Each structure stands twice: as structure tokens, then as C-alpha cells.
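What follows is each chain in one-letter form.
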Amino acid sequence: MTPRLRLFVNIDHVATLRQARRGHEPDPIEAARLCEHAGADGITAHLREDRRHIQDADILRLSSAVTTALNLECAALDEMLALAEQIRPQEVTLVPERRMEVTTEGGLDVVRNVTELADAVTRMKRAGVRSSLFIDPDPAQIQAARDIGADAIELHTGTYAHHPDDPATLAALADGTQLGRSLGLAVHAGHGLTVYNVGPVAAIDGIEELNIGHSIVSRAVFVGLAEAVREVRHVMSLARP
């Protein structure tokens, strides 16, 4: 049976705008509330090591304010895992992180970092938190994610977003989804998805959750945050009734 497709809205770039002046507005927590009221199934926030947008205080406030589900994105660092153990979000998505990158480019190399990531997954299990690994749709990485006990994988959709007319990019996501599901993993997807390109990804049978942030916050400048969420939700619904 095809799982219901969920939309998690990443509110990082609401905090990016706030941090431009190091003030109080716009408030990511208020953004989270608006997204939930507009139909988001959950809220995603990435606490980066350099704190370029989301701050520790935001995560603490979100942990009590979010009424749907909170997905904490972070690197597999002790300080991040300790925070996750403290607040116990519904899910932690482990992501690669490089200080100089503009945004996350590419997935985790689970094969090469198996010990570190296995330890992080074990810590989350002990805390009662679901773990997801942000990876490319590569069979070896998907198998490794399963081997270390992850609950879910989030397939990196950046290659598709950059080359949406190349059928191979969508096929890789579809094949990765099928493999992940066959191994007992929940399958999520995200990165670079917009109201204009999300349809084909949303239509892939077996994907349970999409994480979309930058394009929704960008679109909100013109139509408002609630409407931007509703637009994406509508396209997802058309792709998978």
C-alpha cells in the first residue's frame, strides 16, 4: 500500500533573513505555526555547526511549539546529537556538512563513515528518536544505511532539480525508493524541489515524505508563506491523489 505523502517545510531561510540583522524578525517559530496551519505535516530545521541561520534557541522553542512533527537536520556531531537527546524530536536527519558550502551538496558517504554514523543512529535509538540519513540514490549507500539500523533515508534530489529533463535523474530516485522500501526503510526525498518540479518526484510510489524549504520561503515573498505551502501541497496532491 502506498504511504500517504507528507510535506515537511524547512524553515531555515526564515532564520537566514532574521540573521541578516541579528534581530528578532522574522521569527522561525511563527513561520512554523503558519506552515502547520496551511497544511504542512511537519517542520524541518537544520542546525548547522556555524549557526548561519537556525540557532540553538530556535530548536528549543520549536521542540515545544511544533504541533505536527519536528525533523532536526544536523551533522553527526556530539553537540548536535546531545541536543537531539535533550529535546527528542520525532526525527533526526543526519546530513553532511562542510563549512564553506552555500547549501548541502550531495549526500552522506555512509560506506566510508559507517562507524561514526552507526554510533549516531544507535544514540538516537536509545533516545527513542527516529533516524534518517540524507544520501544520494546510490544502491551501496542505501544498503549501508539499512545495515547500520537507520529507520529512514532521505534521497538527495539535487541532481534531478538541476537536470529535471534528464529521465535518468528521476529513474535513479525511483530505483532508490524501490530498493529502500524493499530493505524495510522509510523513504523521504528533498533538496532543490519547487512547486514547478516537485510533481514527478511526488508521483514516485513509495516516497513517504518530501522536505522543501528554500523555494517555499522564496515564493512566500510574493504570495505569503501560507499560500506558498498550499501551492506545493496542491501540486503534491495532484501527483499522488
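To be clear, the structure that these remarks concern was listed above.
What comes next concerns the included structure. None of these values were measured; they are calculated from a predicted model.

In this section: helix 2 (residues 28–37). Among all positions of helix 2, only Pro28, Ile29, Ala31, Ala32, Cys35 and Glu36 are buried. One side of helix 2 holds all its buried residues, which, seen down the axis, span an arc of 155°. Those residues of helix 2 that are buried are in contact with strand 1 (6–10), helix 1 (12–19), strand 2 (42–46), helix 3 (56–65) and helix 11 (225–239). The distance from a side-chain oxygen at the start of helix 2 to the backbone nitrogen of isoleucine 29 is 3.1 Å, and the residue carrying that oxygen is aspartate 27. Residue glycine 39 follows helix 2 closely and has a positive phi angle near 120°.

A few words now on the pairing of strand 5 (residues 130–135). Counting buried residues in strand 5 gives five out of six residues, a clear majority hidden from the surface. One ladder, built from four bridges, connects strand 4 (residues 91–94) with strand 5; its direction is parallel. When the sheet's bridge partners are listed, threonine 93 is paired in strand 5 with serine 132. In this structure, strand 5 lies alongside strand 6 (residues 152–156), joined through four bridges in parallel fashion. Counted as the bridge partner of serine 132 is alanine 152 from strand 6. For the handedness criterion, the β-α-β arrangement of strand 5, helix 6 (residues 139–147) and strand 6 is classed as right-handed.

Analysis parameters
Residues numbered from 1 in each chain as written. Predicted model: local features only at pLDDT ≥ 70, side-chain atom pairs only at ≥ 80, totals over all residues. Heavy atoms only, no water. Buried < 20%, exposed > 50% of the residue type's maximum accessible area, 1.4 Å probe, protein only. Helix = DSSP H or I, 4+ residues; strand = E, 2+ residues; numbered from the N terminus. Arc of directions from axis to C-beta. Contact = heavy atoms within 4.5 Å. Polar contact = N/O pair within 3.5 Å; in protein donor to acceptor, adjacent residues only side chain to side chain. Pairing = 2+ DSSP bridges. Right-handed = clockwise from strand over helix to strand, strands pointing away.

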